[in-house]
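Here is what each chain is made of, one letter per residue.
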Amino acid sequence: QVQLVESGGGLVQAGDSLRLSCAASGRTFSGYAMGWFRQAPGKEREFVAGINWSGSSTMYADSVSVKGRFTISRDNAKNTVYLQLNSLKPEDTAIYYCAARRRFAPATSPYEYWGQGTQVTVSS
């Protein structure tokens, strides 16, 4: 079992930045690929970014306009994965979830463990 707790969300203005954190506990953190997802009101949850077990490989959703604005990273010594959000837009408003996958490589699915989410609200 892996327990995940997100933090760092909040209310910001368009153009601002946030850094989301996801602290993991339980099984060996470095044995899991990690991902960030988001769910906007009235929409399905969507994949945003993923990172492999060591942090040497990342992937970002093609369908989400996050490339160049969002950056995923991890610190295995701190059992934490991060999502840096830059140049935020109102359409980035969503609940952001981190997830753990019992594989070394990231992917859009499946992920076996999920956090409770952190709200990001971007005002125009």
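The structure under discussion appears in the preceding block.
Residues numbered from 1 in each chain as written. Predicted model: local features only at pLDDT ≥ 70, side-chain atom pairs only at ≥ 80, totals over all residues. Heavy atoms only, no water.

Quick look at the packing of aromatic side chains
Part 1 of the argument: Within this structure, the stated rule accounts for 6 aromatic pairs.
Part 2 of the argument: Taken together, a centroid distance of 5.1 Å and an interplanar angle of 80 degrees make the contact between Phe37 and Tyr111 edge-to-face. You can see Phe37 sitting in strand β4 (residues 33-39) and its partner Tyr111 sitting in the loop between β9 (94-101) and β10 (113-114), a full 74 residues away along the chain.
Part 3 of the argument: Since its relative accessible area comes to 6%, Phe37 is described here as buried.
Part 4 of the argument: Given a relative accessible area of 8%, Tyr111 falls into the buried group.
Part 5 of the argument: Relative to Phe104, the ring of Trp53 has its centre 5.7 Å away and its plane inclined at 55 degrees; by these criteria the two rings are tilted. Of the two residues, Trp53 is situated in the loop between β5 (46-51) and β6 (58-60) and Phe104 in the loop between β9 and β10; the sequence distance between them amounts to 51 residues. (Phe/Tyr/Trp six-rings, centres within 6.5 Å; stacked < 30°, edge-to-face > 60°. Helix = DSSP H or I, 4+ residues; strand = E, 2+ residues; numbered from the N terminus. Buried < 20%, exposed > 50% of the residue type's maximum accessible area, 1.4 Å probe, protein only.)

What about the nonpolar core?
Part 1 of the argument: Leu4, Met34, Trp36, Leu83, Leu85 and Tyr96 are the most contacted members of the largest nonpolar core, which has 29 residues in total.
Part 2 of the argument: Residue assignment for this core shows that the elements contributing at least two residues are β1 (2-7), β3 (18-26), β4, β5, β7 (70-75), β8 (80-85), β9 and β11 (118-123).
Part 3 of the argument: When neighbours within four sequence positions are excluded, Tyr96 is seen to be in contact with Glu6, Leu20, Trp36, Phe37, Arg38, Phe70, Leu83, Leu85, Gly117, Thr118 and Val120.
Part 4 of the argument: Within the second largest apolar cluster, 5 residues are counted, among which are Phe37, Phe47, Ala61 and Tyr111. (Core = buried A, V, L, I, M, F, W, Y, C linked by side-chain atoms within 4.5 Å. Contact = heavy atoms within 4.5 Å.)

Treat this as a map of the structure, not an account of what it does.
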